[in-house]
Amino acid sequence: MMILDTCPGVKDLKTPTLTIKKCPKCGEEVEIFSNDTRVPCENCGFVIYNDTLSCIQWCKYAKECVGEEMYNAFHQKKGGR
């Protein structure tokens, strides 16, 4: 995987950060990493989406920066492109 070290937008992709969210359906805590697009609640199955805007969504150099595999996986998960 080729991630450019000079791009600040990939910091959370190279070293994912963890956020704890509450499931809006059951109130259970759900762990979601910055490189996840969505995670199902382990308690009830409700899908929690990551609201962090990734540079992969808008940067014209994203495919070159993060590599085709990560680029395609991200867009496949998002249901886009």
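Residues numbered from 1 in each chain as written. Predicted model: local features only at pLDDT ≥ 70, side-chain atom pairs only at ≥ 80, totals over all residues. Heavy atoms only, no water.

**Student:** Just give me the short version of the overall build of the protein chain, but keep the residues and values in it.
**Tutor:** Across its full length, the protein chain carries four helices and four strands. Reading the helices (α) and strands (β) of the protein chain from amino to carboxyl end gives α-β-β-β-β-α-α-α. Pairs at least 24 residues apart make up 28% of the contacts formed inside the protein chain by residues separated by at least 6 positions. Surface accessibility of the protein chain: about 5800 Å² in total, with carbon and sulfur atoms responsible for 51%. (Helix = DSSP H or I, 4+ residues; strand = E, 2+ residues; numbered from the N terminus. Contact = heavy atoms within 4.5 Å. Areas by Shrake-Rupley, 256 points an atom, 1.4 Å probe, with all protein chains shown as cover.)

**Student:** Any details on the pairing of strand β1 (residues 18-22)? Residues and values, ideally.
**Tutor:** Bridge count for β1 against strand β2 (residues 29-33) is five bridges, and the pairing is antiparallel. Directly across from L18, in β2, lies its bridge partner F33. Where β1 folds back on β2, the antiparallel hairpin that results is connected by six residues, among which G27 adopts a positive phi of roughly 85 degrees. (Pairing = 2+ DSSP bridges.)

**Student:** So what about the nonpolar core? Which residues, and what values?
**Tutor:** Nonpolar side chains tend to gather and get buried jointly when the protein is soluble and globular. Of all hydrophobic cores here, the largest spans seven residues; its members are I56, C59, A62, C65, V66, Y71 and F74. Within the residue set of this core, elements represented by two or more residues are α3 (62-66) and α4 (68-78). When residues of this core are assigned to their parent elements, the largest contribution, three residues, is made by α3. Core analysis: the next-biggest nonpolar cluster, separate from the first, contains six residues, V30, I32, V39 and I48 among them. (Core = buried A, V, L, I, M, F, W, Y, C linked by side-chain atoms within 4.5 Å. Buried < 20%, exposed > 50% of the residue type's maximum accessible area, 1.4 Å probe, protein only.)

**Student:** I'd like to hear about a nonpolar patch on the surface, residue by residue, with values.
**Tutor:** Among the surface-exposed residues, L18, I20 and F33 lie close enough to one another that they form a single nonpolar patch of about 250 Å² accessible area. Its place among the elements puts L18 in strand β1. When its relative accessible area of 43% is taken as the criterion, L18 is described as partly exposed. (Patch = residues over 30% accessible without salt bridge, like charges linked within 9 Å, V, L, I, M, F, W, Y side chains within 5 Å. Salt bridge = Lys/Arg side-chain N within 4 Å of Asp/Glu carboxyl O.)

**Student:** Run through the state of the cysteines, naming residues and quoting values.
**Tutor:** One pass over the full model with this rule turns up zero disulfides. The cysteine C23 is free of any disulfide, with C44 supplying the nearest cysteine sulfur at 3.6 Å. The class of C23 is buried, set by a relative accessible area of 3%. (Disulfide = S-S within 2.5 Å.)

**Student:** So, the environment of C26: which residues are in play, and what are the values?
**Tutor:** Checked against the element boundaries, C26 lands in the loop between β1 and β2. What makes C26 partly exposed here is its relative accessible area of 33%. Ignoring any residue separated from it by four or fewer positions in sequence, one finds C26 in contact with C41, N43 and C44.

By themselves, these figures tell us nothing about what the structure is for.
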